[in-house]
Structure formats: C-alpha cells, structure tokens
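# Residue-level structure breakdown
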Amino acid sequence: MQNNVLGGLKEHESKINTIWAKLLMERGSTDGVTEEEESKEFTSLLLDALKQGGNSENLNSHAFEKLYDLLTGISISRAKRGFSPRETGQYMISFKEAASQILSEIEKDQATLYAANLELNAIVDNLTIMTFESFMRGREDVISRQTDEISEISTPVIRVWDGVVALPIIGTLDSSRTQIVMENLLQQIVDTESSIAILDISGVPAVDSLVAQHLIKTVSATRLMGAECIISGIRPEIAQTVVHLGIDLTGIITKATLASALQTAFNMLQLTVVKRK
C-alpha cells in the first residue's frame, strides 16, 4: 500500500519542488538557478523510480541507476563549490520534509501514512549516505588538486643570472615533494642551459636525517645533469643539527645566505659584479 502512496507523489512533483526550494533557501543550502534545475531533475527521477515500484528493498535496481548518477554529480559539484557536509546533508533532509508534507496532504489514513513515511525515510536515508560518500570523494579531489597546486607554487625555480638558477624551498621536504623539486629543477636546468643551481633552505623549519637525504639526492641528480649545486640558508641551528646527526655533506658546497651562494656562483663562472660609481 505504501508503494502506491509514494508512487502517487509523481502527480505532485511541481509542488514538492516548490516546497523543497523554499526550505533550501530558508536554510541557505542552495546557491542558485543551476542547482535548482539539478534538484528538479532529482525529484523527477526519484518520483519516476517510486512510480515504477522502486522501494527500499530494491535500491540497486535499474529504476534507480540514473538517479544515482545524477546524485553523485550533484554531491561532487557541491563539494567543489565549497558546501559543507552539513549543508549537503540538509539538502537531502529538506527534500524528505517536502515529500513528507505532501504525503500528509494526500493520505488521510494514519496507518498508511505512517508506513509510507517509514518507506520514504528508508529510501532517502540510503540516498543521503550515498550523497556523503560522493561528497567526500569530491572533497578529496579538491584537496588533492589544491595540494598539487600548492606544491607547484611552493617550488618555483628562478633564473637569477645567465647560467644560474635558484630554488627557494619553503616548508618540510618529504619524498613526494622532493620528486617535484627534482623534476622542476632539472627541467629548468635543461631549459636555461644553466651550469649552477642554488638550493635555498632558509624556509625549511628543520633539517633531520630524512630531509638531508632528500637534499643529497637532489644534489646528485643535479650533478648528473652536468650542473653544480650549492645549498644556501644554512642557519646556525641547522648546522648544529647536521653535525649532531652525523650527516655527511662532504663535497657539497654550503653557504649561510643566498647572497653568499650567488657570490660563489659568480666566482665559479669567473664573473665579477662591481658597483658603478
């Protein structure tokens, strides 16, 4: 009996959309016309599925396939547009309230209405769980993309002179970031035909044995490209840590400041910079 009642909601689709849109607007869980069109399509697909006999026991049936695809797209889109999990949950709860309100208007038998609401709750709750799963995937994609973008921005290779490039490193070096640093630095050495690369670690908060190993790998890769590497930004506390850990930086040119490293690079290139009187 409750399936027949839920199937009858299709005749009140427009009214459900009106109530749902009003609830979303009152709760600040919507952001415009595009989502309103998506919501209307969601309502249409769900009510079609219910009219075809879809229920909480056959949610994996063909009747719900298009609905799942649409809901996944809506959830991922909301994640990318900056909606919070609470707002996304409110999106589904508001629909359930709108549909339940219409049920109360079209069904006067309390027992039948109660059963129909239970069935509606079961269906929409399952859809809400799927919404959260899709939302989290969308949020993870956003975080992953932003992490990649930040990594690219935080490892700029600068051409400071003909034959000299510098890479200021800010933040902690880990394996994945070291790979990005190496790739950017080596590519820039090839593009600019530079023979000297300066790694400035002034912005690295601390140097432990792992960070030191990453630096040594970067220096080795640079040398394989036929360029010499200078590490600058060796602060007193970093020097003490390196000595305390017994890290061997023999054979690697190190300087306290970027200016000192640049002067060393000039000397290696047999260049002299003088102040014009």
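See the structure printed just above.
Residues numbered from 1 in each chain as written. Predicted model: local features only at pLDDT ≥ 70, side-chain atom pairs only at ≥ 80, totals over all residues. Heavy atoms only, no water.

### Points about the environment of Ile 143
For the record, the criterion: Helix and strand definitions follow DSSP, with helices as H or I runs of at least four residues and strands as E runs of at least two, each counted in order from the N terminus.
Along the chain, Ile 143 falls in helix α6 (residues 110-153). Along the chain, Ile 143 and Ala 166 lie 23 residues apart, while their C-alpha atoms are 28 Å from each other.

### Brief notes about the pairing of strand β1 (residues 158-161)
Our working definition: DSSP calls a pair of strands paired once it identifies at least 2 bridges connecting them.
Where β1 and strand β2 (residues 164-170) come together, three bridges link them in antiparallel fashion. Residue pairing across strands places Arg 159 opposite Val 165, the latter belonging to β2. As consecutive antiparallel partners, β1 and β2 are separated by two residues, and within that stretch Gly 163 has a phi angle of approximately 90°, a positive value.

### Some words on the layout of surface pockets
Convention followed: Detection works on a 1 Å grid of protein atoms alone, calling trapped sets that fit a 1.4 Å probe cavities and calling open sets with protein on both sides within 12 Å along at least five of seven lines pockets, with lining residues defined by an atom within 4 Å of a point. Grid points are joined across faces, edges and corners, and a volume is the space filled by probe spheres set on the points.
Here the second largest pocket defines a volume of roughly 150 Å³. What lines the second largest pocket is Leu 45, Asp 48, Ala 49, Gln 52, His 62, Ala 63, Glu 65, Lys 66 and Leu 67.

### Let's talk about the pattern of salt bridges
Our working rule: Any carboxyl oxygen of Asp or Glu that lies within 4 Å of a side-chain nitrogen of Lys or Arg is treated as forming a salt bridge with it.
A full pass over the atoms with the stated rule returns seven salt bridges. A single network of salt bridges, built from pairs that share partners, joins Lys 10, Glu 13 and Asp 48.

### Quick notes on the nonpolar core
We count it as follows: Each nonpolar core is a collection of buried residues, namely Ala, Val, Leu, Ile, Met, Phe, Trp, Tyr and Cys, held together in the definition by side-chain atoms within 4.5 Å. Exposed residues in this analysis have more than 50% of their type's maximum accessible area, buried residues have under 20%, and partly exposed residues fall in between, with area computed by a 1.4 Å probe over protein chains only. Here, residues are in contact when the closest pair of their heavy atoms is within 4.5 Å.
In terms of nonpolar packing, the biggest core is built from 35 residues, with Phe 42, Leu 46 and Leu 127 touching the most fellow members. For this core, the secondary-structure elements that each account for two or more residues are α1 (2-7), α2 (13-27), α3 (33-51), α4 (65-80), α5 (85-106) and α6. Apart from the residues within four sequence positions on either side, Leu 46 is in contact with Phe 64, Leu 67, Phe 95, Ile 123 and Leu 127. Counting 27 residues, the second-largest nonpolar core is a separate cluster that includes Val 165, Val 181, Met 182 and Ala 221.

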